[in-house]
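What the coordinates show
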Amino acid sequence: MKGMDVKLASVISEVLSRNAGEGEFHQAVHEVLGSLTRVIAKNPNYADDALIERICEPERQIIFRVPWIDDKGQVQINRGFRVQFNSALGPYKGGLRFHPSVNLGIIKFLGFEQTFKNALTGMPIGGGKGGSDFNPRGRSNNEIMRFCQSFMTELHRHLGEHTDVPAGDIGVGGREIGYMFGQYKRLTNRYEAGVLTGKGLVYGGSRARTEATGYGATYFVERMLASRGSAIEGRRTVVSGSGNVAIYTIEKITQCGGIVVACSDSNGYVVDESGIDLDLVKEIKEVRRARIAEYVTLKGKGAYYVEQGQGSIWDVPCEIAMPSATQNEVTGKDAQTLVANGVKVVGEGANMPSTPEAVRVFQEAGVLFAPGKAANAGGVATSALEMQQNASRDSWTFEQTEARLAKIMHGIHDLCAETAEEYGAPGDYVLGANIAGFVRVAEAMRALGVI
Ligand code: NDP
Ligand code: 2IT
């Protein structure tokens, strides 16, 4: 904590002791507060009225039992979470994650990051996150539906288009949002389209929401390169993951003339030097819901697979790296390998995918580094556009929605770059994103009084 404001250092140690054992939350608080020294020095009143302490304390944390019956007739129990972190800028907004690793600390880290990310979009949305330790892997469609219905049976009382608006995240896509919206509608007897985003197009979803996070991350990278007279075209790219964010990152990078040579899932990674065949990845992941290893069998010659533990996807040389799977997937060692292999740009599609050590390695090597809360904000920004369409009972074209998304991403890039410059750290997008997001939340909180 060298050079850090004494006040910030004491808030961090208080957060660590009050939230014992929540490693990912500690990491996120360190990362954000670690950037605030210069902004507090310039505006000491941001530290008044325990504002920083209040920002680190969720407004409300809901933990609940989710009982459901599997296909064998056995009762299963999972734990549900919704952390309503901050509503200074608008209703709580953020995704739901279904993954066996989910615990309170992970949901708090995600909700904390979401608060600043949502502020960066400039849209009227507060921050929240939720989910369950439910493992969707290998579950039938009926089991998924029963789980989603049980989850929403408890959660619905805490939601509302002006209160809290969830969406998807890991393990939650269009299918799950559909089942949850159906149950919400049934329980409340209200067709309240704006209560969830990421909905299907036939019942109130927005065009381009499915694509938005991956497309948005690519727009951010494109803008970073363009501001330095460069472009994505012709650059070798590695995208980790093969879920929603990864798939649409691969799609847009390819449209921009980049060559994506590798992607992964939690079992391993595939390399295809001729460029990843995205139709095949979509077939494997969106239709068959199978493992990425199948890519090699289905593709025939030219591609190979490396099992998790036998190597890291970050061993594959590239100029652009887009980590799009999960938190802490890029270690310090991975970052050193990427740098040694000539990486020029890292755009975080996932939330906090680089460890603090990896971020340090990238920044010290002069790599253009786009932190997740800025680079992956296109998903939630398009969710806010979905809310806007629902509120006005309108439906925009794909082109119109994508154009709004591109404009928002360019705006976030420029805001981060200008803020970094203003605070004496040109090119430091981490500092720029943290300060710009914080200032918006802090200004609103100050205006609203001690609540
Ligand atoms: P998906 O569930 O669609 O895909 C997740 C991908 O990451 C899968 O390939 C999955 O592999 C892999 N993955 C997940 N957990 C792990 C793990 N512990 N170790 C290794 N690989 C893992 O999720 P999304 O694409 O929606 O989310 C990816 C990331 O992007 C997350 O960090 C999420 O928070 C973030 N994000 C998502 C947004 C959205 O709109 N969906 C918006 C902004 C950020 P496997 O199938 O084997 O588990
Ligand atoms: O991390 C994220 O920004 C998301 N999972 C999307 C949240 C949203 O409300 O669209």
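First, a word on scope: everything that follows refers to the structure included in this document. (Residues numbered from 1 in each chain as written. Chains lettered and ligands numbered in written order. Predicted model: local features only at pLDDT ≥ 70, side-chain atom pairs only at ≥ 80, totals over all residues. Heavy atoms only, no water.)

**Examining the environment of Leu 225**
Relative to the helices and strands, Leu 225 is located in helix α8 (residues 209-226). Each C-alpha atom, one on Leu 225 and one on Lys 344, is 9.6 Å from the other, the two residues being 119 residues apart in sequence. Setting aside its immediate chain neighbours within four residues, Leu 225 contacts Ser 230, Ala 231, Ile 232, Arg 235, Ile 320, Val 345 and Leu 368. (Helix = DSSP H or I, 4+ residues; strand = E, 2+ residues; numbered from the N terminus. Contact = heavy atoms within 4.5 Å.)

**What to know about the sheet that holds strand β10 (residues 320-322)**
Across a sheet, strands are paired by hydrogen bonds formed along the backbone, either parallel or antiparallel in direction. Across the sheet, 7 strands lie side by side as β9-β8-β7-β6-β10-β11-β12; this open sheet has mixed pairing. Looking at the sheet topology across the chains shown, the edges are occupied by β9 (303-307) and β12 (368-370). Ignoring strand direction, the axes of neighbouring strands in this sheet form an average angle of 15°. (Pairing = 2+ DSSP bridges. Axes fitted to C-alpha atoms, helices over the stretch in contact; angles between N-to-C directions.)

**Considerations on the packing of aromatic side chains**
If you walk through the whole model with that rule in mind, you get 18 aromatic pairs. Consider the rings of Phe 181 and Tyr 203, whose centres lie 5.6 Å apart with planes at 20°: the pair is stacked. With Phe 181 in helix α7 (residues 174-188) and Tyr 203 in the loop between α7 and α8, this residue pair connects regions lying 22 residues apart in the sequence. Here Phe 181 and Tyr 203 have matching classes, each one buried. Members of the aromatic cluster, connected to one another through ring pairs, are Phe 64, Trp 68, Phe 98, Phe 134, Phe 147 and Phe 151. Here Lys 42 stacks its cationic end above the ring of Tyr 423, 4.6 Å away from the centre of that ring. The ring of Tyr 215 carries the charged tip of Lys 252 above its face, separated from the ring centre by 4.4 Å. (Phe/Tyr/Trp six-rings, centres within 6.5 Å; stacked < 30°, edge-to-face > 60°. Buried < 20%, exposed > 50% of the residue type's maximum accessible area, 1.4 Å probe, protein only. Lys NZ or Arg CZ within 6 Å of the ring centre and 35° of its normal.)

**Here we look at the sheet that holds strand β5 (residues 164-168)**
With mixed pairing, the 5 strands of this open sheet are ordered in space as β1-β2-β4-β3-β5. Each having just a single partner strand, β1 (60-69) and β5 make up the two edges of the open sheet. Ignoring which end each strand starts from, the neighbouring axes of this sheet average 20° apart. Strand direction decides the pairing type here: β1 and strand β2 (residues 75-86), joined by 10 bridges, are antiparallel. Residue pairing in the sheet places Trp 68 in a bridge with Gln 76 of β2. Against the sheet, helix α6 (residues 141-155) engages β1, β2, β3 (92-98) and β4 (127-132), with an angle of about 140° to β1.

**Details of the nonpolar core**
Core analysis: the biggest nonpolar cluster contains 54 residues, and Phe 220, Val 221, Met 224, Ile 276, Val 281, Tyr 295 and Ile 412 have the highest contact counts within it. Met 224 has contacts with Val 345, Val 346, Leu 368, Ala 370, His 413 and Tyr 429, leaving out every residue within four places of it along the chain. Ranked by size, the runner-up nonpolar core spans 43 residues in total, among them Val 39, Phe 81, Val 102 and Leu 110. (Core = buried A, V, L, I, M, F, W, Y, C linked by side-chain atoms within 4.5 Å.)

**Regarding the side chain of Glu 176**
By the element assignment, Glu 176 lies in helix α7. For Glu 176, a relative accessible area of 4% translates into the label buried. Not counting residues within four places of it along the chain, the set of residues in contact with Glu 176 comprises Phe 98, Ile 144, Cys 148 and Gly 171.

**What about the packing of helix α2 (residues 23-33) against helix α5 (residues 104-121)?**
Running from N to C, α2 and α5 cross one another at 25°; their axes reach a closest spacing of 7 Å. What the angle tells us is that α2 and α5 run roughly parallel. Along the contact surface, α2 presents Glu 24, Phe 25, Ala 28, Val 29, Glu 31, Val 32 and Leu 33, while α5 presents Gly 105, Ile 106, Lys 108, Phe 109, Phe 112, Glu 113 and Phe 116. Taken together, the residues of the contact of α2 with α5 break down into 9 nonpolar, 1 polar and 4 charged. (Parallel < 35°, antiparallel > 145°, perpendicular 65-115°, else oblique. Nonpolar A, V, L, I, M, F, W, Y, C, P; charged D, E, K, R; others polar.)

**Some thoughts on the state of the cysteines**
Counted according to the given criterion, the structure contains 0 disulfides. We note that Cys 56 lacks a disulfide partner, and the nearest cysteine sulfur, in Cys 416, lies 19 Å from it. Here Cys 56 falls in the buried class, since its relative accessible area comes to 2%. Unpaired in terms of disulfides, Cys 318 finds its nearest cysteine sulfur in Cys 263, a separation of 13 Å. The class for Cys 318 is buried, based on a relative accessible area of 2%. (Disulfide = S-S within 2.5 Å.)

In short, the description is geometric, and any link to function would need to be established separately.
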